[in-house]
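Below are the chains, spelled out letter by letter.
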Amino acid sequence: MMTQDIAMPSDDHDDAQAIETTVAIVGGGPAGMMLGLLLARAGIDVTVIEKHGDFLRDFRGDTIHPSTIALIEQLGFAQEFLALPHTRAEKLHADVGGHKRTIADFSWLPVKHKFIAFMPQWDFLNFLAGKAGQFESFRLLHNAAVSDLIETKGKVSGLKLSTPSGGLTVKADLVVGADGRNSTVREKAGLHVERFGVPTEVLWMRLSKQPGDPNETMGHAGPQQGFVLIDRGDYWQCGYVVRRGVYSEISQKGIEAFRTRVAAVCPLPADRLQEIKSFNDVYLLTVRIDRLTQWWKPGLICIGDAAHAMSPIGGVGVNLAIQDAVAAANILVPAFRDRGVVSDDDLAAIEQRRTFPTKATQKLQLMMRSKNRKDHEAAPKAKGPPAFVRAILRFPLLAHLAGRLIGLGFRREKITY
């Protein structure tokens, strides 16, 4: 593997250097790194381009679903992967009326590893990068930001990158946008985005884990199901969900008002919230549900969040991104091997393969969101669980169906080449 580390971006392309690759993947997240690994494994020259110097970012999606672990098992890495520090959830729970209720059960899944693994995303990405780096056909560029696309005769044929040492041109047979929900690639490509529902905000924070705390790996807690509690071993990762714009209103009232509001839905003792010293201890994530009307244009395709942004409900975003990468590799590898080129029909086939699970997952997420919540109120009021939770409480077997939809998704991919 060739790894190029660059530290601060520049927009100077006057003395741009150039490299050539078969596939240029923009974004070193789950979709980009998994696709890079799968292509390199097949002997296809691939370059993954990451704008940051490392993968170390807090509060990124780090739920590794059973379907993803099954893929790692298929690659022969599962034992090594699961030796990395992680916590496991065989079930997901909700606090309803002060009682813990199972809302997703993975015990019936037809896979070897029947749990969600919670692992810092940087550990997951470093693991994939290490495996991909064993192949000579894999290159990882750090600290390289996309400034523009290169088009030749109506087809995307490469990228212009900004680096601290000047401009860098990447010539590629195919460009893959895997650079997340704020994708530069899809913006530069002029791909149209459809947005659904009202954007929400998740306010992430850390609270210490102490004796007597709930015995949870992941739970949706509080009277409005608006609080997520994830066990990180020695601390809790907490997420407070509100409508877009509410955080701005809350922050104007001061940190004490914020702690009071969160205490109303947080199952931990109220004094624990004194650990939130200021709004510097709160990470704001704006959540929206959207997807591209068309994922590709000649010479380019988007996958993962760049093609379809998901709500954090069920933590399915990473799983969908990984499944996209596998579906893409299953089509791209034979195309490059048999014909040496990728056609528009190949790109359309990738989109067609992943359109149903994308639409179905987003539809389910929109159905699961409460339509009656009044997040602009000064403090939340108990109104009972959302309709999907009430249905599961009434028919407990639905928890197994929820476990299958969350754990495996609507269309589970397997490596076929």
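Definitions and limits used
- Residues numbered from 1 in each chain as written.
- Predicted model: local features only at pLDDT ≥ 70, side-chain atom pairs only at ≥ 80, totals over all residues.
- Heavy atoms only, no water.
- Helix = DSSP H or I, 4+ residues; strand = E, 2+ residues; numbered from the N terminus.
- Buried < 20%, exposed > 50% of the residue type's maximum accessible area, 1.4 Å probe, protein only.
- Contact = heavy atoms within 4.5 Å.
- Salt bridge = Lys/Arg side-chain N within 4 Å of Asp/Glu carboxyl O.
- Pairing = 2+ DSSP bridges.
- Polar contact = N/O pair within 3.5 Å; in protein donor to acceptor, adjacent residues only side chain to side chain.
- Arc of directions from axis to C-beta.

Asks: I'd love a proper account of the overall build of the protein, names of residues and values included.
Replies: Looking only at helices and strands, one finds 11 helices and 20 strands in the protein. Sorting the 417 residues of the protein into buried and exposed places 55% on the buried side. In the protein, 75% of the contacts between residues at least 6 apart in sequence involve partners at least 24 apart.

Asks: Describe the pattern of salt bridges, and please don't skip the residues or the numbers.
Replies: One pass over the structure, following the stated rule, counts 12 salt bridges. One salt bridge in this structure joins K297 and E151, with 3.3 Å as the shortest N-O distance. Of this pair, K297 sits in strand 18 (residues 296–297) while E151 is found in strand 10 (residues 145–152), placing the two residues 146 residues apart along the sequence. Its relative accessible area of 18% is what places K297 among the buried residues. Take E151: its relative accessible area is 43%, and that puts it in the partly exposed class. Put simply, E413 and R353 hold a salt bridge, and the shortest N to O gap is 2.9 Å. Here E413, found in the segment after helix 11 (398–407), pairs with R353, found in helix 9 (residues 344–368); they are 60 residues apart in sequence, far enough to count as distant. Take R353: its relative accessible area is 35%, and that puts it in the partly exposed class. One network of salt bridges, in which partners are shared, links D324, R353, R354 and E413.

Asks: Give a detailed account of the pairing of strand 2 (residues 17–26), specifying residues and quantitative values.
Replies: Burial analysis of strand 2 places seven of its 10 residues in the buried class, which makes it a mostly covered element. Inspection of the sheet shows strand 2 paired to strand 12 (residues 166–177) by nine bridges, in the parallel sense. The partner of A24 across the bridge, within strand 12, is V175. Here four bridges tie strand 2 to strand 3 (residues 46–49), and the two strands are oriented parallel to one another. Residue pairing across strands places A24 opposite T47, the latter belonging to strand 3.

Asks: Account for the environment of D179, with residues named and values stated.
Replies: Here D179 shows up in the loop between strand 12 and helix 5 (184–189). As for D179 and A307, which are separated by 128 residues in sequence, their C-alpha atoms are 9.4 Å apart. Not counting residues within four places of it along the chain, the set of residues in contact with D179 comprises V26, G27, T184, V185 and A306. Polar contacts involving the side chain of D179 include one to the main-chain amide nitrogen of T184, which spans 2.9 Å.

Asks: Break down helix 11 for me, citing the residues and quoting the values.
Replies: Buried residues of helix 11: A399, H400, A402, G403, I406 and G407, and no others. The arc that holds the buried residues of helix 11, viewed along the axis, is 160°, so those residues lie on one side.

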